[in-house]
Amino acid sequence: MSAESFNPSPTRSGAATAVAADTPDTAPVVAWQQGATSQQARWRSERGSPPPARVLVADDTLAANTAYQHACEGTGLLWQGDFNNARHLLQALMRRLDRSPRRQDAPKNEGAVVSADPAAAFNRHRQAQGQRARVLSMLLIPLQSNYRIALRRAPDLRLACEQAWGPADAQAPATEDGRVAHSVAPLRDLLGIVSAFEWRKKGVPLPALGPAPDNRIHPHYGVFSPVRGEYLDMVAQAPLPAAVQAGGVVFDIGTGTGVLAAVLARRGVAQVVATDLDARALACAADNLQRLGVQQQVQLKQADLYPGGRAALVVCNPPWLPVRPGSPLERAVYDEGGRMLLGFLNGLAAHLVPDGEGWLILSDLAERLGLRTRQQLLDAVAAAGLQVLGRIDTWPTHRKAADASDPLHAARSAEVTSLWRLGPA
C-alpha cells in the first residue's frame, strides 16, 4: 500500500501536551489522548530533541499530504497502523521535502555558490538538514517494555534496540496492545538503529589494519564509523618517532571505535593508552580490540582528553568542523569552537617525553568552508608552545568528493587531510 494513496481523513481522537523532566530518576515523557484515555510513555530521541508538544494518533488512513502538513507544524504522529505502511509514509515525507518550494528555488549551479560564499552555503546546508530531521522525526512508533513493536508486520528489532539503548526494562510488563506503549521513538531513529545494527554485524574492512578478513572494525550505535580510510593509511605509514621505537607509550586521544589504537598496535607498538569520555565509545573500542587480538597492547581509560603521565607519541583525530553539533550523534563531526582541537594542542607539550611527537589528523574542510583559517590553526599551535615538525597530506576518496550535486561539492572535492607532526617549540 503506497503512502500516496492514503485516505485523506486521518484517524485521531485528540492531542496532548508533551512533558519533559530533567530529574535523574525521570526520563522525558510524551503524552497523548487515546479515545477517552490519557496516555503517556517514555520519550526516546537520538537527536536529543524534546517530545512533540502536540501528538495525534494516526494509522493507515492518514493521507501523506495531511501527514506532511502536521509534521511541518511540529505535530507528532503516533502510528498505530501497519508498520510497513509507516515506512512508506516516511518515504513520502522525504519526497515532499525534496521537492519543497525552498529546494526548487535553490540556485541550479550550487557549486558556484559554494565557491563565492562557502560559509553561507554551509549554513544553508545545515539549516536544511536540521529542518529535514525535525519533520521526519514527527512519525512516531510505540514500543513495549521489551522493545517489541506491537504493530502489524512489524519486524523484531529487540536486539538492535538493546545494543543502542541497553537492556529492556524487565520490571514493566509487556502487552499485546499496540495502543499501550512503554516508550515512543521516531521511526527515523529506529531505522537508523537497524542500519547501525547491520553495520556492527558486518563490520567495516580497513586495509590499514592489514589483510582481510582480519581487518574489520565493528562500529557500535552512536560511535562514529571510520569509513574514510585515507587518514588511517597515513597513521599506518608515517615513521614512528625514535622514542616510540625505543618502547615508549602512545596515547590515542578520543579513541572512538579504537581504530587508531588498533592500527598502532598492529604496527608493533607495545603500549597504547586510549581515552574517550563516552561510555558507548569505550565499549565499542573494547569489542574491536578484542576482535583484532590487540587488547593486551591497549589500555582503555575514560577521560576528557589526556590520561595521566607522558607519552612518546600522542595521536588525536578531533572533529573537523568547529561548529555546534545539532544532536549528540553529530559530536564526532562538529565541535563547537574547536574545543577538542584546542584542548589537544594546549595539553600536548606537558604530556610528551623528550623527543616525543604529537600527531594531529585534521582535514582542511573547515578552512574551505570559511569556518577557520589556516593562520588561526597555526596561531593555535604556536600559542600552545608547539612547532610543526612536518606534515603528510592525503586526498579524499569518499563518494561525496565526486558528487557534483552535493551543495558543498566545491569544498569537498578540494579537501586535503593532513597528519601534522607537532613537538614542543
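Everything below is about the structure shown above.
Remember, it's a predicted structure, so these values are computed and weren't measured experimentally.

(A) Up close: the sheet that holds strand 3 (residues 54-58). Spatial ordering of the open sheet is given by 1-2-6-5-4-3, a layout of six strands whose pairing is mixed. The strands lining the two open edges of the sheet, one partner per strand, are strand 1 (29-34) and strand 3. When strand polarity is set aside, the average angle formed by the axes of neighbouring strands in this sheet is 40 degrees. Strand direction decides the pairing type here: strand 5 (residues 139-143) and strand 6 (residues 183-186), joined by four bridges, are antiparallel. Along strand 6, the bridge assignment pairs L143 with S183.

(B) Main features of unusual backbone geometry. With an omega dihedral of 5 degrees, the bond running from A212 to P213 counts as a cis peptide bond. Within the secondary structure, P213 sits in the loop between strand 7 (204-205) and strand 8 (216-217). Despite not being glycine, L305 has its phi angle at roughly 75 degrees, a positive value.

(C) Region of interest: the layout of surface pockets. Considered as a void within the structure, the second largest pocket measures approximately 190 Å³ in volume. Around the second largest pocket, the lining is made up of 14 residues, and of these R47, P50, G74, R134 and M138 lie nearest the centre. In terms of residue count, the dominant contributor to the lining of the second largest pocket is helix 5 (residues 118-136) (three residues). Partitioned by chemical class, the residues of the lining of the second largest pocket number eight nonpolar, four polar and two charged.

(D) Representation of the packing of helix 1 (residues 64-72) against helix 2 (residues 83-98) in the model. Interhelical geometry of helix 1 versus helix 2 gives an angle of 70 degrees and a closest axis separation of 10 Å. Viewed along their axes, helix 1 and helix 2 adopt a mutual orientation that is roughly perpendicular. Here the hand of the crossing between helix 1 and helix 2 comes out right-handed. Together, A64, N65, A67 and Y68 of helix 1 and L89, A92, L93, R96 and L97 of helix 2 make up the contact between the two elements.

(E) Layout of the packing of aromatic side chains. The full count for this structure, using the stated rule, is four aromatic pairs. Ring geometry for Y306 versus F344: centroids 6.4 Å apart, planes at 10 degrees, classification stacked. Taken as a pair, Y306 in the loop between strand 11 (298-302) and strand 12 (311-316) and F344 in helix 12 (residues 339-348) lie far apart in primary sequence, 38 residues in all. One Lys or Arg, K202, reaches over the ring of W199 and ends 4.5 Å from the middle of that ring. Sitting over the face of the ring of W420, R391 holds its NZ or CZ atom 5.1 Å from the ring centroid.

(F) Structural detail: the environment of V194. Tracing the chain through its elements places V194 in helix 7 (residues 187-202). Under the relative-accessibility criterion, V194 is labelled partly exposed at 25%. As a C-alpha pair, V194 and A160 span 34 residues in sequence and 6.0 Å in three-dimensional space.

(G) Structural context of the side chain of R126. Positionally, R126 belongs in helix 5. At a separation of 2.9 Å, a polar atom in the side chain of R126 contacts the main-chain carbonyl oxygen of R324. Here R126 is in contact with V323, R324, P325, G326, E330 and Y334, once residues within four sequence places are set aside.

Cut-offs used in this document
Residues numbered from 1 in each chain as written. Predicted model: local features only at pLDDT ≥ 70, side-chain atom pairs only at ≥ 80, totals over all residues. Heavy atoms only, no water. Pairing = 2+ DSSP bridges. Helix = DSSP H or I, 4+ residues; strand = E, 2+ residues; numbered from the N terminus. Axes fitted to C-alpha atoms, helices over the stretch in contact; angles between N-to-C directions. 1 Å grid on protein atoms, 1.4 Å probe; cavity = no way out; pocket = protein on both sides within 12 Å on 5 of 7 lines; lining within 4 Å. Points joined across faces, edges and corners; volume = space filled by probe spheres on them. Nonpolar A, V, L, I, M, F, W, Y, C, P; charged D, E, K, R; others polar. Parallel < 35°, antiparallel > 145°, perpendicular 65-115°, else oblique. Left-handed = near helix turned anticlockwise from the far one by under 90°. Contact = heavy atoms within 4.5 Å. Phe/Tyr/Trp six-rings, centres within 6.5 Å; stacked < 30°, edge-to-face > 60°. Lys NZ or Arg CZ within 6 Å of the ring centre and 35° of its normal. Buried < 20%, exposed > 50% of the residue type's maximum accessible area, 1.4 Å probe, protein only. Polar contact = N/O pair within 3.5 Å; in protein donor to acceptor, adjacent residues only side chain to side chain.

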